[in-house]
Amino acid sequence: MRLSRQDELMPSFASGSPATLEFLRNRRSHPAITMTEPGPDETQIRDILTIAARVPDHGKLAPWRFILYRAHQGKTIGESLAARYERDNGPLDQDQRQKELTRFTRAPVVVGVVSMAAEHPKIPVWEQQLSAGAVCMNLLTAAAASGFASQWLTEWYALDDEAARYLGAREGERFAGFVHIGTPTQPPFERPRPELSQLITNWAEAE
């Protein structure tokens, strides 16, 4: 008897995946400034993005898209961002200028996740935005599972309309963030995590 695809998948779901749980318990973000070559190749990028796109998506709208930035484009992007930042904030000191110039040169690949959330007769904009956030988290997880360091950043240029347009956002779109992907040069460091007991309550009907 030939098993259906659903039947083939059922045993793995039923038995669970301790290795996956352990991976998720230990996943860490790496500061983009600590990344180096190599980054994912084209096949790996496509696989990572395919996984990233497997998120809850009410109405199957796919209200997000990806923009890829390569390290060799980073210098040009950095010069534009530095000029934009200086125009709005005045002359930059050496450290701040270097920070702006290297925004997109720290990692071999940067993926911009663009939220395309828009008014819809049935699907709230908030749900569409949450879906874009889920894409960013899936992207981080897929990159880490592929053996790369990753970090999800927004920074000022994600919220600045002119800078966002320069980086590829269209009318009505906004960046959910930029995910930097590369090879780590140092072990990730743990940061304090929330105390779970302070985050959980049990619902009780009001009297």
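Quick summary incoming for the structure in this document. (Residues numbered from 1 in each chain as written. Predicted model: local features only at pLDDT ≥ 70, side-chain atom pairs only at ≥ 80, totals over all residues. Heavy atoms only, no water.)

Consecutive residues of a regular strand have side chains that alternate between opposite faces of the sheet. The element strand 5 (residues 174-184) is largely enclosed, with a buried count of eight among its eleven residues. As paired strands, strand 1 (residues 35-36) and strand 5 are joined by two bridges and run antiparallel to one another. Across the sheet, residue methionine 35 finds its bridge partner in strand 5, namely proline 184. Across seven bridges, the pairing between strand 3 (residues 109-115) and strand 5 is antiparallel. Note on strand 5: the bridge partner recorded for glycine 112 is phenylalanine 178. With five bridges joining them, strand 4 (residues 149-153) and strand 5 adopt antiparallel strand pairing. In the sheet register, tryptophan 152 faces strand 5, and the bridge partner there is valine 179. (Buried < 20%, exposed > 50% of the residue type's maximum accessible area, 1.4 Å probe, protein only. Helix = DSSP H or I, 4+ residues; strand = E, 2+ residues; numbered from the N terminus. Pairing = 2+ DSSP bridges.)

Before going further, it helps to spend a moment on the nonpolar core. Residues Val111, Val113, Val135, Leu139 and Ile181 are the most contacted members of the largest nonpolar core, which totals 20 residues. Those elements giving two or more residues to this core turn out to be helix 3 (42-52), strand 3, helix 6 (125-145) and strand 5. No other element matches helix 6, which puts seven residues into this core. Excluding anything up to four places from it in sequence, isoleucine 181 contacts Met35, Pro40, Ala107, Pro108, Val109, Val111, Leu139, Ala143, Phe148, Ala149 and Ser150. (Core = buried A, V, L, I, M, F, W, Y, C linked by side-chain atoms within 4.5 Å. Contact = heavy atoms within 4.5 Å.)

What follows concerns helix 3. Those residues of helix 3 lying buried are Ile45, Ile48, Leu49 and Ala52. For helix 3, the angular spread of the buried residues around the axis is 95°, confining them to a single face. In helix 3, those exposed residues whose orientation departs by more than 90 degrees from the buried face are Thr43 and Arg46. Close packing links the buried residues of helix 3 with strand 2 (64-70), strand 3 and helix 6. One side-chain oxygen of the residue at the start of helix 3 lies 3.1 Å from the amide nitrogen of threonine 43, identifying that residue as aspartate 41. (Arc of directions from axis to C-beta. Polar contact = N/O pair within 3.5 Å; in protein donor to acceptor, adjacent residues only side chain to side chain.)

This next bit is on the environment of alanine 53. Within the fold, alanine 53 resides in the loop between helix 3 and strand 2. For the pair alanine 53 and arginine 65, spaced twelve residues apart in sequence, the C-alpha separation works out to 8.9 Å.

This paragraph deals with the layout of surface pockets. Approximately 170 Å³ is the volume attributed to the largest pocket. Residue lining of the largest pocket: Ala158, Leu159, Asp161, Ala164, Arg165, Ala169, Arg170, Glu171, Gly172, Glu173, Arg174 and Phe175, and that is the complete set. Elements represented by at least two residues in the lining of the largest pocket include exactly helix 7 (161-166) and strand 5. Take the lining of the largest pocket: its biggest share by element is three residues, from helix 7. For the lining of the largest pocket, a count of residues per class yields five nonpolar, one polar and six charged. (1 Å grid on protein atoms, 1.4 Å probe; cavity = no way out; pocket = protein on both sides within 12 Å on 5 of 7 lines; lining within 4 Å. Points joined across faces, edges and corners; volume = space filled by probe spheres on them. Nonpolar A, V, L, I, M, F, W, Y, C, P; charged D, E, K, R; others polar.)

It is worth spelling out the pattern of salt bridges at this point. Opposite charge on two side chains makes pairing possible when the charged atoms of those side chains draw close. Scanning the model with the defined rule gives 14 salt bridges in all. A salt bridge links aspartate 88 to arginine 84, with the shortest nitrogen-to-oxygen separation between them at 3.5 Å. Of the two residues, aspartate 88 and arginine 84 both sit in helix 4 (residues 74-89), four residues apart, roughly one turn of that helix. According to the relative accessible area criterion, arginine 84 is buried, its value standing at 13%. Here aspartate 88 ties to arginine 87 by a salt bridge, and the two come within 3.8 Å at their closest N and O atoms. Linked through salt bridges whose partners overlap, the residues forming this network are Arg84, Arg87, Asp88, Asp160 and Glu162. (Salt bridge = Lys/Arg side-chain N within 4 Å of Asp/Glu carboxyl O.)

Okay, unusual backbone geometry next. Negative phi characterises most residues that are not glycine, and trans characterises most peptide bonds. Of the consecutive residues glutamate 37 and proline 38, the connecting peptide bond is found in the cis state with omega at -5°. At alanine 62, a residue that is not glycine, the phi angle is positive and equals roughly 50°. Residue alanine 62 is classed as partly exposed on the basis of its relative accessible area of 33%.

On to the pairing of strand 3. For strand 3, a buried count of seven out of seven residues is recorded, marking the element as mostly surrounded by other parts of the structure. Strand direction decides the pairing type here: strand 2 and strand 3, joined by seven bridges, are antiparallel. In the sheet register, isoleucine 67 faces strand 3, and the bridge partner there is glycine 112.

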